[in-house]
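Structural overview for review
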Amino acid sequence: MTVQPMVKFDGVTKRYGALTVLDSLDLEIMPGEKVAVIGPSGSGKTTVLRMLMTLEKINDGVIWVDGEPLTHMHKDGRLVLADAAHLRRMRGKIGMVFQHFNLFPHMSALKNCMEAPVTVLKLSKEEARARAVELLEMVGLADKLDHYPAQLSGGQQQRVAIARALAMRPKVMLFDEVTSALDPELVGEVLNVIRRLGSELDLTMLMVTHQMGFAREFADRVCFFYGGKIAEQGPPEQIFGQAQNERTRQFLSACLEAI
Amino acid sequence: MVMRKLVVVAVVSFSAGLAVASFAGFREFIPGLLEGALVTIQITLAGAVVAVICATVAGLAKMYAPWPLRWLAVVYIELFRGTSALVQLFWLFFVLPLFGVTLAPMTVAIAALGLNIGAYGAEVVRGAVAAVPRGQWEATTALNMSRTQALRRIILPQAFVAMIPPWGNLFIELLKSTALVSLITISDLAFRAQQMNQTTFRTLEIFTIVLVIYLAIASIITVGMRALEQKAVGAMVRGRGH
């Protein structure tokens, strides 16, 4: 039996008016695989994550998650656009961490992590609390349970956001430039947490990142986006060592100059 | 130094004497006016409840409800913002009976003023909800919350803080517009004042006292809303700035 991909983009197109952001994208991600998405701004890399999180509507193509269509559903033997109920059923398989954390400012770190497990998964308060405490310990914030987002540093807030996403027990985790809004000295603590998730949890991860060093060391595969398409992809050694595509080489050398 | 003190004493005693002279016997008006003030306060409080409910329902319906309800909300908001409160009051009081619906004066007063202020409040609610950053909505989607859950648990609590100062304004507006109900036979503060004025012609005393009473009620609203705001902001961003 062949293992089916956890995530599959099948000819996915996304347009904003006349602008085509994703151009008939095909992409398969296997269970447990860690894929880093790199590329210049405007290349569509963040859109990939936003489409997968159902934050954007699809114009063409189908996205599959865990063997089922995400953006569509089966009806009378055909695939039709998913309704709200189908989206809610499928969305539970995916978690996302945002560039700007998007923590709930009126809730403590603990409450941020308990909210959706209680309201969406219908866990009891005790269960949700135990789960939240365990995850906040895992991201190194056992002593900040009752702190509000405004009382935490950017790195701490982002770690709470990771714990909050994990509390929903997703199969796929999306990281959208999660260190881009952080002061340089706080980047490491967030990357360390992601490293830990990679080694301890059986998660499929898709991350858009500008941290080339981290992508190289952490990812199983690197996809270089350009103009709404994957211009080149492969294991990190290949992309960072001997990129075939001229655009990839240009982009990577520009990134190196920035350091 | 002594001279200066003497001048101050002279001026103060002269003013006090003048005040006492002109307000002599002003006490006789106070019980009646306070009774009227009680009616004014009742209408303000009940009207505020009606206004907040109407504003929340209409404001959210205008943003999120399916089109027939959304359309209804828009009609309500535009109708009550676009016509005078006095005409609305008269319409409910004098016109509705022509269609066989006769309401008690107090009911009309509370409904008309509540609906009127609620129409302005709907825009306050809409503005405050729209001002919650989009990232908050996206976080609720990523956590698979329904739109209702998101609105109730995440968006409205944040919007609430931003709503408090404009609601303070509207409540004071409401208090002042209660004076209109004197025109539909209700013995509120303004009605009592006019009645007393007609029988005693003590215009200065009566309307000065009324002024002070309105101001006092408005001040209570201001202080109350400020306390509410401080509490809400405190709950929102405890220990901001570490």
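Below is a summary of the structure that appears in this document. Within any chain, residue numbers begin from 1 and follow the written order of that chain's sequence. Here chains are named by letter from A upward and ligands by number from 1 upward, in the order in which they appear as written. For a predicted model such as this one, the threshold for reporting local features is a pLDDT of at least 70, and the threshold for listing and counting side-chain atom pairs is 80 or more; totals across whole chains, interfaces and linings nevertheless cover every residue. Think of the side-chain values as coming from all heavy atoms in the structure, minus any hydrogens and water.

Details of a nonpolar patch on the surface
Put simply, the rule reads: To count toward a patch, a residue needs a relative accessible area over 30% and no salt bridge; like charges are then connected within 9 Å, while nonpolar side chains (Val, Leu, Ile, Met, Phe, Trp, Tyr) are connected within 5 Å. Using a 1.4 Å probe, accessible areas were evaluated by the Shrake-Rupley method; residue-level cover was limited to the displayed protein chains. In what follows, salt bridge is the name for a side-chain nitrogen of Lys or Arg lying within 4 Å of a carboxyl oxygen of Asp or Glu. Each helix is a run of H or I in the DSSP string that is no shorter than four residues. Each strand is a run of E no shorter than two, and both are numbered from the N terminus.
A cluster of nonpolar side chains, contributed by Trp-67, Leu-69, Trp-71, Leu-72, Val-75 and Leu-79 of chain B, occupies part of the molecular surface with about 700 Å² of accessible area. In this structure, Leu-79 of chain B sits in helix H3 (residues 67–82).

A look at the environment of Gly-42 of chain A
Positionally, Gly-42 of chain A belongs in the loop between strand S3 (34–38) and helix H1 (45–52). With 96 residues separating them along the chain, Gly-42 of chain A and Met-138 of chain A place their C-alpha atoms 34 Å apart.

Remarks on unusual backbone geometry
Residue and element names in this part refer to chain A. Cut-off, in case you're wondering: Only protein chains enter the calculation, and the probe is 1.4 Å; a residue is then buried if its accessible area is under 20% of its type maximum, exposed if over 50%, and partly exposed in between.
The residue Ser-24 is not glycine, and still its phi comes out positive at about 45 degrees. For Ser-24, a relative accessible area of 39% translates into the label partly exposed. For Asn-102, which is not glycine, the phi dihedral falls at a positive 55 degrees. One can find Asn-102 in the loop between strand S8 (94–97) and helix H3 (109–119).

A word on the environment of Gly-121 of chain B
Residues and elements named next belong to chain B. What counts is decided by this rule: For this analysis, residues touch if any pair of their heavy atoms sits within 4.5 Å.
Within the secondary structure, Gly-121 sits in helix H5 (residues 105–130). It is 7.8 Å that separates the C-alpha atoms of Gly-121 and Gly-59, two residues lying 62 residues apart in sequence. Dropping the residues within four chain positions of it, Gly-121 is found in contact with Ala-55, Trp-167 and Leu-170.

Structural notes on the sheet that holds strand S2 (residues 19–29) of chain A
All names here are of chain A. So the rule is basically this: Think of it this way: DSSP has to see at least two bridges between two strands before they count as a pair. Throughout, an axis means a line fitted to C-alpha atoms (over the contacting stretch in the case of helices), and angles, computed between N-to-C directions, take values from 0 to 180 degrees.
As summarised here, the arrangement of the 4 strands in space is S2-S1-S4-S5, forming an open sheet in which the pairing is antiparallel. Sheet topology places S2 and strand S5 (68–69) at the edges, where each strand pairs with a single neighbour. One ladder, built from 2 bridges, connects strand S4 (residues 60–65) with S5; its direction is antiparallel. Bridge pairing links Trp-64 to Pro-69 in S5. Strands strand S1 (7–16), S2 and S4 of the sheet are contacted by H1, whose axis makes an angle of about 110 degrees with S1.

Concerning helix H9 (residues 203–236) of chain B
We apply this condition: To estimate the expected span of a helix, count its residues, drop one, and scale the result by 1.5 Å.
Over its 34 residues, H9 of chain B runs 49 Å from end to end, which matches the ideal 50 Å to within 8%, given 1.5 Å per residue. Along H9 of chain B, the positions that sit buried rather than exposed are Glu-205, Ile-206, Ile-209, Val-210, Ile-213, Tyr-214, Ile-217, Ala-218, Ile-221, Met-225, Ala-232 and Met-236 of chain B.

Regarding the pattern of salt bridges
All names here are of chain B. On inspection of all chains with the given rule, the structure shows 21 salt bridges over all chains. With its nearest N and O atoms 3.0 Å apart, the salt bridge here joins Glu-123 to Lys-62. Residue Glu-123 is located in helix H5, and its partner Lys-62 is located in helix H2 (residues 30–64); the two are separated by 61 residues in the primary sequence. According to the relative accessible area criterion, Glu-123 is buried, its value standing at 19%.

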